[in-house]
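An overview of the molecular structure
Here is how the chains run, residue by residue.
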Amino acid sequence: MADLFTQPDLEAYLRQGTLDTESFARVQRVVSGWLRSATTLTEWPDPIPDDLFGWGLELAAIAYSNPEGLASEAVGATSATWERGRRAEILRAAREAYPAVTRGPLFSFPEPDWSWR
């Protein structure tokens, strides 16, 4: 099964140097959960389509840099502001691009033969 993105992909996207393996694994699981729930995909396609790759990286950046989902944060003279609705926009786009597959019966059976009655 393919991964949405690799650790080097995320490190390059974040431009913050090396992530520890545990943090990367946690972020990857969070993003996979969000996108699997939105798309209902049970396995990622191989190769990963550009839309899933892009959404995955952007969601990973959100999960890594703002895990609490804050609107803004100030520490001393430094402040940061996040667009809180972006995660919802990405997941809405994923739902629309990969609509849930309506599953029918898993098996088909012939009509019963009642001629013996």
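Located above this text is the structure these notes cover.
Here's a quick rundown of the structure. Residue numbers run consecutively from 1 along every chain, following the written order of its sequence. In keeping with the model being predicted, local features are shown solely for residues with a pLDDT of at least 70 and side-chain atom pairs are shown and tallied solely at 80 or more, while totals for entire chains, interfaces and linings include all residues. Heavy atoms throughout the structure, all of them, feed into the side-chain values; hydrogens and water do not.

**Topic: the side chain of Gln28**
- Counting from the N terminus, the helices are DSSP H or I runs at least four residues long and the strands are E runs at least two residues long. Assignment of secondary structure puts Gln28 in helix H2 (residues 21-39).
- Note on classification: 1.4 Å probe, protein chains only; a residue is buried when its accessible area is under 20% of the maximum for its type, exposed when over 50%, partly exposed between these limits. You can call Gln28 buried: its relative accessible area is 16%.

**As for helix H1 (residues 7-14)**
- Those residues of H1 that sit buried are Gln7, Leu10, Glu11 and Leu14. End-on, the buried residues of H1 take up no more than an arc of 100°, which puts them together on one face. Residues of H1 that are exposed and point over 90 degrees away from its buried face: Pro8 and Ala12.
- Pairs of residues are marked as contacts when any of their non-hydrogen atoms sit within 4.5 Å. On the buried face of H1, the contacting elements are H2 and helix H3 (50-65). As used here, the arc belongs to the directions running from the helix axis to the C-beta atoms.

**Structural notes on the nonpolar core**
- In this structure, Leu4, Phe5, Leu10, Val31, Leu35, Leu52 and Trp55 are the most contacted members of the largest nonpolar core, which totals 24 residues.
- Of all the secondary structure elements, the ones that give two or more residues to this core are H1, H2, H3 and helix H4 (86-97).
- Ranked by residues supplied to this core, first place goes to H3 with seven residues.
- Excluding residues that lie within four positions of it along the chain, Trp55 makes contacts with Leu35, Ile90, Ala93, Ala94, Ala97 and Tyr98. The set of buried Ala, Val, Leu, Ile, Met, Phe, Trp, Tyr and Cys residues whose side-chain atoms join them within 4.5 Å is what this entry labels a nonpolar core.

**Here we look at the pattern of salt bridges**
- A carboxyl oxygen of Asp or Glu within 4 Å of a side-chain nitrogen of Lys or Arg is what we treat as a salt bridge. A complete count under the given rule lists three salt bridges for this structure.
- A salt bridge links Arg86 to Glu58; its shortest N-O distance comes to 2.6 Å. Within this pair, whereas Arg86 is found in helix H4, its partner Glu58 is found in helix H3, the two being separated by 28 residues in sequence.
- Using a relative accessible area of 25% as the deciding quantity, one classes Arg86 as partly exposed.
- Here Arg86 and Glu89 are joined by a salt bridge, their closest N and O atoms 3.1 Å apart.

**Observations concerning the packing of aromatic side chains**
- Ring pairs are drawn from Phe, Tyr and Trp, using the six-membered ring of Trp, whenever the two centres fall within 6.5 Å, and their geometry is named by plane angle: stacked under 30 degrees, edge-to-face over 60, tilted for the rest. Across all of its chains, the model carries two aromatic pairs by this definition.
- Between the aromatic rings of Phe5 and Phe24, the centroid separation amounts to 5.9 Å while the plane-to-plane angle is 80°, which identifies the pairing as edge-to-face. Pair noted here: Phe5 is in the segment before H1 and Phe24 is in helix H2, with a separation of 19 residues, a long-range link. For the pair Phe5 and Phe24, a shared accessibility class is recorded, and that class is buried.
- Ring geometry for Trp55 and Tyr98: centres 6.5 Å apart, planes at 80°, overall edge-to-face. Placement of the pair is Trp55 in helix H3 and Tyr98 in the segment after H4, with a sequence separation of 43 residues.
- Take Trp55: its relative accessible area is 14%, and that puts it in the buried class.

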